[in-house]
Amino acid sequence: MAQSFPVLQEAPYNWPSKCSTSIDVKSLAFLKCIGSKIVNVTITIPLKGSLSAIPSLSSLSYLDIQNSPQITGTLPIFSSVKTYFGCSGCGLTGTLPKMNSWSVSALNLSGNKFKQQLETIVFSTWTKELDLSNNELFGTIPKNIPIKNKIDLSNNQISGTVPDLDIRTLNYLYLANNQITAINNEFKPSLYTLDLSGNKLTSLPTLNIFTLLLSNNQITGFNLPKFPLIKTLDLSHNKLTNIPTAIFSLSSLTYLNLSGNPITSGTLPSQLTTWKNVQVLELPGLGLSGTITQLEDLKALTSLNLSNNKLIGTIPSLTYRKNAMVTINLSNNLLTGIMPPDWSEKFDKIQVLNLSNNKITGTMPKTFASSSLREIDFSHNQFTSVSFPVISALKKLDLSFNDVSSSSLSLTGLNSDIRHLGLAGLKFSGTIPKNFSFYKNLTHLDLSHNLFNGDVPRNFFFMEAIQHLDLSFNKFTGTLPYGFVTMESLTYLNLQNNSYEGILYSDFFGALDNLETLDLSGNNWTQCSMNPPAKTSKLVSCNLGGSFWQGCSSPLHDICSMIYNNTCLPKSGFYGKLCFPCPNCVEPARCSDGYNHNGTCLTVPSACSLVNCEGPCEVKGDVGICTCPAPAQLQADGSCLCPPGYFKNKIGGSCTACSAVKGCASVLECSSPYDSKCSECLSGLYLDEGNTTCGVCEAIIGCASPVTCTSKNNTQCSRCIDERYLFNQTQCILCTPIAGCSSSISCTDANSSKCKKCLDGRYLKDENLCEPCSGIDGCTSPITCNNSLTSTCTSCIAGRFLSLDNSLCLTCPPITNCISVVECSSASSLHCQNCSFGYHLVKSLSGGNDSCVLNSHCSFTEWSNWSNCYACEGSTNVRQRDISPLNKALPNICVSDLTESKPCGFPCLNLVIETGDAALLYLSQNLQKYDWLQEQMGNLTIINITVTSSELTILARDASNKRQVTEGSCENGITQHLTNIVAETMNEILPNLKENELDGPSITQISGGCAVTISVIPKTPDSEKASSTLGMIIGGVIGGLFFLLAIALVVFWKFYYQQKLSLSNLPYDVRWFYEQYYKHPSSWKKEGSGGVAFYHKIVMKGSEHWDRLSLIFDKFCQGRDIIIHDAYAIYNPSLVSACVTQLQIMEQRMQSNPEIFKKKTYILEDQGEFRAWTFEQFQKRANECNWNQPNTPVILPAIHGTDFHIAWKICATGFANLSSLDDGFFGKGIYFTTYALYALPYFAKKERPAIIISFILPGNPFPVVENPNLKGSKVGTAIVSGYNSHYVKTLASGYPPPAPQENGLFDEIVVPQEAQIMPVFLLRLDTRNLASLHDRMDRVVLQRQDDDDSLVSLSSTLL
C-alpha cells in the first residue's frame, strides 16, 4: 500500500540501521529503501546539490522542495510527478527543459534564477497552474501558452504587450512588477483576477474581470472602459489628477483604492452612492473637501479610509448596514460635532478606529461592543472626557491633546497587553502611577505636555519592552534617574523642558546601545561628564541644551563640522541628520551676518539645514519645519511614520501601500508592495504558514457562531443554531426529533431534547413528548388541549354547531324541504341556502330559523335566474327564467307566470327516440356525465349508474355528512331532488314516448344509499297479435338491455378507470399522491370545469399525506425553516396524463437507444470537466429519491415560487398558459430548483407567498456552467439539441461557482415544456419569518434582474 509523507523534518545525524516509513531524514538516500511505496513528499529541510540525485520513484505523484537556495544545476524532468512539483526559492539556474512530455498538473518554480526568453519555453498542455514568478525571464508573452487555470509571471523582466491569449479557461493571471506597456485591444479571456501592478501601463481595453490590480503604473487619466463584472479595483499610486467619472458606473464594485495619486482638490463625489456593494474604500490624501453624509448610502461598507483630506461637517452614523464595519480612518480632516453615540454599541466587529487630528467634541465612550478592537486614535481633537475602555484585544490607544480637565492619572481598565499608549497634553498632574511596570509589552509611551512632578517611580523602569518614551514638558525634578539606563530597548528618549538638575552621567551613552534620539535640553544641568558615543553607536540625534558641549568629552569629529545654537551641523553627505558635537566649535559670536568660528564670521546656515527632517522641509520665517508626504505622519524627531498598511520608501519619507491580503482583519505589514503579511484574518479564516494568505476554515453545518481555526481542518464552533447541540466544538448535531413539536427543539446532547410548543391537536407532556388530543367528530379547526381530557374546537363542518364548552360538534336539526346543508350556530338558529323544487326560501330576520315555503304557482325559485334545461320547444332544449316584475316585488309569493326562454345548446331527440329501450340507453348515457348531473345535485353524490334487466338504477348518498343513508332518509328533500331531476330529464329528452312506456322514477333505500329506478314497461299486446310477436318483443327488450349495460360499462371505464390505470406507469412513491383522489374522492374538491379543471384538498397535519409532504419539502428540498400556512394536495388529470405519456416516451427511447438518450457530448465542449462534475451533482441529487432506479428516467420533486393567485391558475391551466416561460440566464424554459431557500427571492416579498411542488422529468439534462454575464452564456437560448433540460449548480448569489466545490451550492433546472411537469402540492406560506430568511438569502434574482447584493462567501455563511 502506498505511503504518504506530508513533511520531512530535520533529524539527528545518527540514522537507524534500517529504513522506516516514519523516519525523519536529512538526505534523500533513504528513499531508495522505500521504493514504490512513496506517493507524496514535502521537504522543508535545506538541501544542496543537484536535483538529479533524487531517486526515480514510479509512484511519486507530489513533490514539494522548500527553503533550499543551495540547490544547483538545472531542472530535471520528474515524469512520475503528475499532481504537483514545487521547488520555490531554490537555486536553479539556466533555462527550463522542454516540458511538453511532463503531465504535471501544478508547477511552482518561483524564486529561482532561470534566465530565458519567454517565447522559447516549451510548456506542457497538461499543466493547469504555473508559477514562474521572481525569476529573470525576459521577452514578450506568447499568445499560445497552454496553461488552463492560473499563470504567475510576476517579478520578472517581461516587456511589450499582453496578447489575446488563446485560453478561455484561464482564471488567474499575475504579471506584476514587469515592464509591460499595454494590453491587446482584442484581449478576450474572462479572468477572475488580473494583476498588472508595478508596470508601465497608461490605458486599458474593455475587460471581463472580477479583480483588477493596477497600482504603481503610469495611468494619468482616461475614460474607464466598461468592466461589467469588476468587483475589486486598485488604481493606487498612479498619476490620476481626478477621480474618473466612469468609475461610478461600476455598480458591482466591492473594493476601490485610489490612494497615492496626485489628486489635490475636489469634493467627495456624490456619485459614490451608486456603489451599493462596495466594502473597502481607500481614498486617503486626495485633497477631498465637503461633507461625508453620502456614506450613509454605502450599506455594504466594512473598511473606510478618508484620512489626510479636507472634509468638514459631522460624521454620519454608518450603523444601519448589511455588514459590520471593521476599519474606520477619518484622521487629519476638519470634521466637527460628536462621534456618533451608537458607534460604541453597533460596531461590534470594529478593529481600527482613527479619528485623530479633527475637531470632534463630546465625551469618549467608556465601553465598546467590539471585543476585537485593536486600535483607537482620538488624539488632537476636542473631547472633553476620555477613558480607558476595557477591551482585551486593544493594542494601541492614543488620546493625546484633547480638551479635558484631568487630575491624577489612573490606569484602571487599561488592557495589560497594550503596546502603544499616547496620553500627551491631557493636563495630568501629580506623580506617575507605579503600576506602569505591569505593562510588560508596552513599546511606545507618550506622557509629554502634562503637569507630572516629583520623581519617576522606581517601578516605572521595569518596562523592559519600551522603545519610545516621551516625558518632555512636565515638572519632574531632582537628578537624572539612573533607571533610564536599565531600559535597554530604548531608541527614543525625550526629557526636554523639565526641572532636572545636577550632573549628566558619564556612561549614559554606553548603556543604551539602541538609542537613536536623545533630548535632554531645557533642564538645569550643572556639569557635563558624559562620554561621547562609540563609533558603533546608533545615536543620530542628540540635544543636551545649554552650553555643555564644550565641557563634554570630544565626540566623533568625522561626522560633525561645527555647532550652531547648540546643534551639531553635519558635513556634506549627512544632510538632514542631526549629529554629535565636533571639536573646536564655539558659541556664536557677534558677527553681524553670521556666526564666529575660530575667529571667522561664517554665513548662518539655512533654516532647513538646522533641522533633522526625513521628509521635505518648509521654511516659515527663519525656522525650518519638517513635513511628511501623505499618508506618512510627522514624528517629534522629524522622521516620517507610515500608517498601518504602508511601507516607507528609501528616500523622502514617503509611504507606499502594501498589497491587499484578501480576508485580512489586521493591519497589513510589508517592506515592499509584494511581501504583504497579515497578523490576523477575519472571522472564519486562518493564516497560512507564511502569514501571506488567509485560508477559509472548513464550514461546520449548523454553527451559529463564527467558526475559528488555525488550519483548514481544525475548525471549531462555540455555539450551534437552534435544534442542534455542540459536540467536541467540531460538530453541530441535530437534536433528537420530538414528534409533533412545532417549536424549535433545544438540547445539550442526543438524549436531552426539549420542546416548548406542540402542533395543533397535541399537548406538551414532560417537555419531551407531544401527545395527541382526543378527537372531536366533525371539528374542522385545529383541536387544542392541555391534556387528553380537555380537547376543544373552534369551528365545525357544515351542518354542525359547537357545544357551549366547545368540546363537541352537534348536528344541526333539519329544515323541511331544504336541499342544502343546514348551517347553524345553535339549535335555534338554522339557516338554509336552497329549497326543494316548488319551494322558496324565507330568511329569518330576527336570528331565528329559515324556512322553505311552498310556491303558489311559480315554476322558478329565484327571480331572473335561469333554470336547468328541462323543457323542449321544437327540436331544441331550452331553459327558462321568471321575469315578472310582480314576482320581483313579492319574492316570497308567486303572482305571475311571465317567463323568458333560451336554447340550452343541444338538440332534442324526441323525433328519434320512440321506444323505451332506446330511451333507457340514451338516458343512461346522459346521466353518466357526472359533471352535468353533479351540478344539479348540490350535496348529493352519485355513487353508481347501472343498466340491467330493462332497468336503470342510480345509487346516491348524501355527501353533506359523508355517512351512508339511514333507513327512511331516502324520502328526504335532497334525495327527492334527484328523483325530480331524473323526471325532468325524462320529460326533456323523451317527450314523444307514449304513456307507460317507462315506469318511474321510483326511490328506495338500499345498502349504501338510495336507489332511483326507471323501468321499461312493455306495451300491452292487442288480442289480434300472435304470441310469436310477443316473444320477439321480449327478446328485443332483453337484448337491448344487455346492449345498454355494455355501453354503460364502456363509458364508465373511459371516464374513471382509464385515468386511474395510466398512473400505474409511475413509481409507487410518486403515484401514491395522485391515487388518493380515487381512494377518497369525496374528500377532494373540484375547481373549474372541462380542460381547466383540477382537484384539491387540504392536507391535515399529522396525516400520512402530511408526513409524505414533509419528506419532500423539509428533507429533500430543505425547506424546514419555511412555515407552511396551508397545504393543498393537487391532482390535475390533464397535466398528469400528459406527463405520464412523456414518461412512457422517455422509457421507450431509453430502452431502444440508451446511448443517444444518455449522450454526454458536453464533455467535448469548453470546460468539459466542469460540466461532468455538474452532471455528477445532478445524479447525486436524483439518487436521494429512492424511486429513481438505474436505467429509468429521473423524476425529481422541484420548487417553483410565486404568488398564491398565480399558483392557483398554474394548478388549473399549467405553466405554459401563463407567462412562465423565462428567457432566463441559463436557457429559455420553465425554471425550478430543488432547494426551497434558493427560491426565496421569488416569493418572499409577494403579498400572498406560495410554492408549487411538482414532480418534473428532467430526462437527460445538459450541464450548464457558463456565467450569464460572460460571452458564450446560455441567456435566452433554447435547450441544447439532444437534451431534455438544463441543469446548473449555483451559489447563493445565483451565479455558477468558478470551479467545482462542495459547500454552499444550490441548483436551477430549466425544462422546455409543461408535459414534463406534474403539480402535486400547493403551499400557502406563513409570512412571519420570510423577511428574516430573505435577509439571510439576500441575493441576485437572475431571471428578474434584481440588484446583486451578494458575495460568494455568503453561501458558506448561510449554510
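Remember, it's a predicted structure, so these values are computed and weren't measured experimentally. (Residues numbered from 1 in each chain as written. Predicted model: local features only at pLDDT ≥ 70, side-chain atom pairs only at ≥ 80, totals over all residues. Heavy atoms only, no water.)

Undergrad: Honestly, the overall build of the chain in this entry has me stumped. Any pointers?
TA: Of the regular secondary structure elements, the chain holds 17 helices and 78 strands. Taking all 1359 residues of the chain together, the buried fraction comes to 50%. Put simply, 42% of the contacts in the chain that link residues at least 6 apart link residues at least 24 apart. On the chain, roughly 63200 Å² of surface is accessible, and the fraction owed to carbon and sulfur atoms is 51%. (Helix = DSSP H or I, 4+ residues; strand = E, 2+ residues; numbered from the N terminus. Buried < 20%, exposed > 50% of the residue type's maximum accessible area, 1.4 Å probe, protein only. Contact = heavy atoms within 4.5 Å. Areas by Shrake-Rupley, 256 points an atom, 1.4 Å probe, with all protein chains shown as cover.)

Undergrad: Whenever I open this one, the environment of isoleucine 338 confuses me. Can you help?
TA: With respect to the element layout, isoleucine 338 can be found in the loop between β24 (327-329) and α2 (343-346). According to the relative accessible area criterion, isoleucine 338 is partly exposed, its value standing at 47%. Separated by 25 residues in sequence, isoleucine 338 and threonine 363 have C-alpha atoms that sit 8.0 Å apart.

Undergrad: So what exactly am I meant to see when it comes to the packing of aromatic side chains here?
TA: Two aromatic rings are characterised by how far apart their centres lie and by the angle between their planes. Counted under the stated rule, the structure contains 40 aromatic pairs. When the centroid spacing of 5.2 Å and the interplanar angle of 75° are considered together, the rings of phenylalanine 1262 and tyrosine 1283 count as edge-to-face. Taken as a pair, phenylalanine 1262 in strand β75 (residues 1261-1263) and tyrosine 1283 in the loop between β75 and β76 (1285-1290) lie far apart in primary sequence, 21 residues in all. Pair check on accessibility: phenylalanine 1262 and tyrosine 1283 agree, each one buried. In textbook terms, an aromatic cluster arises when at least three aromatic residues are bridged by ring pairs, as seen for Tyr1074, Tyr1077, Tyr1078, Trp1084, Tyr1095 and Tyr1131. The side chain of arginine 1181 reaches across the aromatic face of phenylalanine 1116, ending 4.1 Å from its centre. (Phe/Tyr/Trp six-rings, centres within 6.5 Å; stacked < 30°, edge-to-face > 60°. Lys NZ or Arg CZ within 6 Å of the ring centre and 35° of its normal.)

Undergrad: What exactly am I supposed to notice about the state of the cysteines here?
TA: Working definition: the covalent bond between the sulfur atoms of two cysteines is a disulfide. Enumeration over the complete set of coordinates arrives at 18 disulfides. In this model, cysteine 741 is linked to cysteine 755 through a disulfide, with the two sulfur atoms separated by 2.1 Å. Disulfide cysteine 741 to cysteine 755: torsion about the S-S bond roughly 95°, handedness right-handed. Residue cysteine 741 is located in the loop between β52 (731-734) and β53 (762-765), and its partner cysteine 755 is located in the loop between β52 and β53; the two are separated by 14 residues in the primary sequence. With respect to class, cysteine 741 is no different from cysteine 755; both count as buried. Covalent S-S linkage joins cysteine 758 and cysteine 770, the inter-sulfur distance amounting to 2.1 Å. With the S-S dihedral at roughly -85°, the linkage between cysteine 758 and cysteine 770 falls on the left-handed side. Residue cysteine 758 is located in the loop between β52 and β53, and its partner cysteine 770 is located in strand β54 (residues 769-772); the two are separated by 12 residues in the primary sequence. (Disulfide = S-S within 2.5 Å.)

Undergrad: I'm lost on the packing of helix α9 (residues 1068-1079) against helix α10 (residues 1104-1116) in this one. Help?
TA: To describe two helices that pack against each other, one gives the angle between their axes and the distance between the axes. Put simply, α9 and α10 touch, their axes get as near as 12 Å, and they point 140° apart. With respect to α10, the axis of α9 lies oblique. The two elements α9 and α10 cross, and the hand of that crossing is left-handed. Contact residues: Tyr1068, Asp1069, Trp1072, Phe1073 and Gln1076 in α9; Glu1104, His1105, Arg1108 and Ile1112 in α10. Taken together, the residues of the contact of α9 with α10 break down into 4 nonpolar, 2 polar and 3 charged. (Axes fitted to C-alpha atoms, helices over the stretch in contact; angles between N-to-C directions. Parallel < 35°, antiparallel > 145°, perpendicular 65-115°, else oblique. Left-handed = near helix turned anticlockwise from the far one by under 90°. Nonpolar A, V, L, I, M, F, W, Y, C, P; charged D, E, K, R; others polar.)

Undergrad: Looking at this model, I keep getting lost on the pattern of salt bridges. Mind explaining?
TA: Think of it this way: side chains of opposite charge can pair up when their charged atoms draw near. Counted according to the given criterion, the structure contains 17 salt bridges. The partner of glutamate 1104 in a salt bridge is arginine 1108, with the nearest N and O atoms 3.4 Å apart. Within this pair, glutamate 1104 and its partner arginine 1108 are both found in helix α10, separated by 4 residues, close to a single helical turn. Glutamate 1104 gets classed as partly exposed once you look at its relative accessible area, which sits at 46%. Judged by its relative accessible area of 17%, arginine 1108 is buried. (Salt bridge = Lys/Arg side-chain N within 4 Å of Asp/Glu carboxyl O.)

Undergrad: Quick question: what am I supposed to make of the pairing of strand β13 (residues 157-162) here?
TA: For a regular strand, side-chain orientation follows a simple rule: the groups alternate between the two sheet faces. Where strand β11 (residues 138-139) meets β13, 2 bridges bridge the pair, whose relative direction is parallel. Each residue of the ladder has a partner; that of glycine 139, found in β13, is isoleucine 158. Pairing between β13 and strand β15 (residues 179-183): 4 bridges, direction parallel. Of the residues in β15, the one forming a bridge with glycine 160 is isoleucine 180. (Pairing = 2+ DSSP bridges.)

Undergrad: Is there a simple way to think about helix α11 (residues 1133-1152) in this case?
TA: Since one α-helical turn is 3.6 residues long, residues separated by three or four positions face the same way. The end-to-end C-alpha distance of α11, which contains 20 residues, comes to 28 Å, matching closely the 28 Å that a straight helix rising 1.5 Å per residue would cover. Along α11, the positions that sit buried rather than exposed are Pro1133, Leu1135, Val1136, Cys1139, Val1140, Gln1142, Leu1143, Met1146 and Met1150. Where α11 starts, the residue carrying a side-chain oxygen 3.1 Å from the main-chain nitrogen of serine 1134 turns out to be asparagine 1132. (Expected span 1.5 Å × (residues − 1). Polar contact = N/O pair within 3.5 Å; in protein donor to acceptor, adjacent residues only side chain to side chain.)

Undergrad: What is the right way to read the nonpolar core from this model?
TA: Nonpolar side chains in soluble globular proteins tend to end up buried together. One finds Phe85 and Phe436 to be the most contacted residues of the largest nonpolar core, which totals 147 residues. Those elements giving two or more residues to this core turn out to be β2 (38-43), β4 (62-66), β6 (84-88), β13, β15, β16 (191-195) and β17 (209-213). Among the elements that make up this core, the one with the highest residue count is β2 (3 residues). In this view, phenylalanine 436 contacts Leu409, Leu411, Leu421, Leu442, Leu445, Leu447, Phe460 and Met463; residues no more than four positions away in its chain are not counted. Ala1239, Phe1243, Ile1256 and Leu1257 belong to the second largest nonpolar core, which has 86 residues in total. (Core = buried A, V, L, I, M, F, W, Y, C linked by side-chain atoms within 4.5 Å.)

Undergrad: Help me out: how do you make sense of the sheet that holds strand β78 (residues 1317-1325) in this one?
TA: Taken together, 6 strands build an open sheet; the order of strands is β68-β69-β70-β78-β74-β71 and the sheet is antiparallel. Sheet topology places β68 (1085-1087) and β71 (1196-1203) at the edges, where each strand pairs with a single neighbour. On average, each strand axis in the sheet is inclined to that of its neighbour by 30°, with strand direction left out of account. Pairing geometry for β68 and strand β69 (residues 1094-1098), over 3 bridges, is antiparallel.

Undergrad: Is there a simple way to explain the sheet that holds β11 in this structure?
TA: Whether parallel or antiparallel, the strands of a sheet pair through hydrogen bonds between backbone atoms. Strand order in the open sheet made by the 3 strands is β11-β13-β15, with parallel pairing throughout. Lying at the two open borders of the sheet, with one neighbouring strand each, are β11 and β15.

Undergrad: Would you mind going over the confidence of the model for the chain with me for this structure?
TA: Across the chain, the average pLDDT comes to 76, with 73% of residues at 70 or higher. Confidence over residues 1-26 falls short of pLDDT 50; this stretch has 51 contacts with residues more than four positions distant or in other chains. Within the model, pLDDT remains below 50 along residues 869-876, and this stretch shows 27 contacts once partners closer than five positions in the same chain are excluded. (pLDDT = per-residue confidence, 0-100.)

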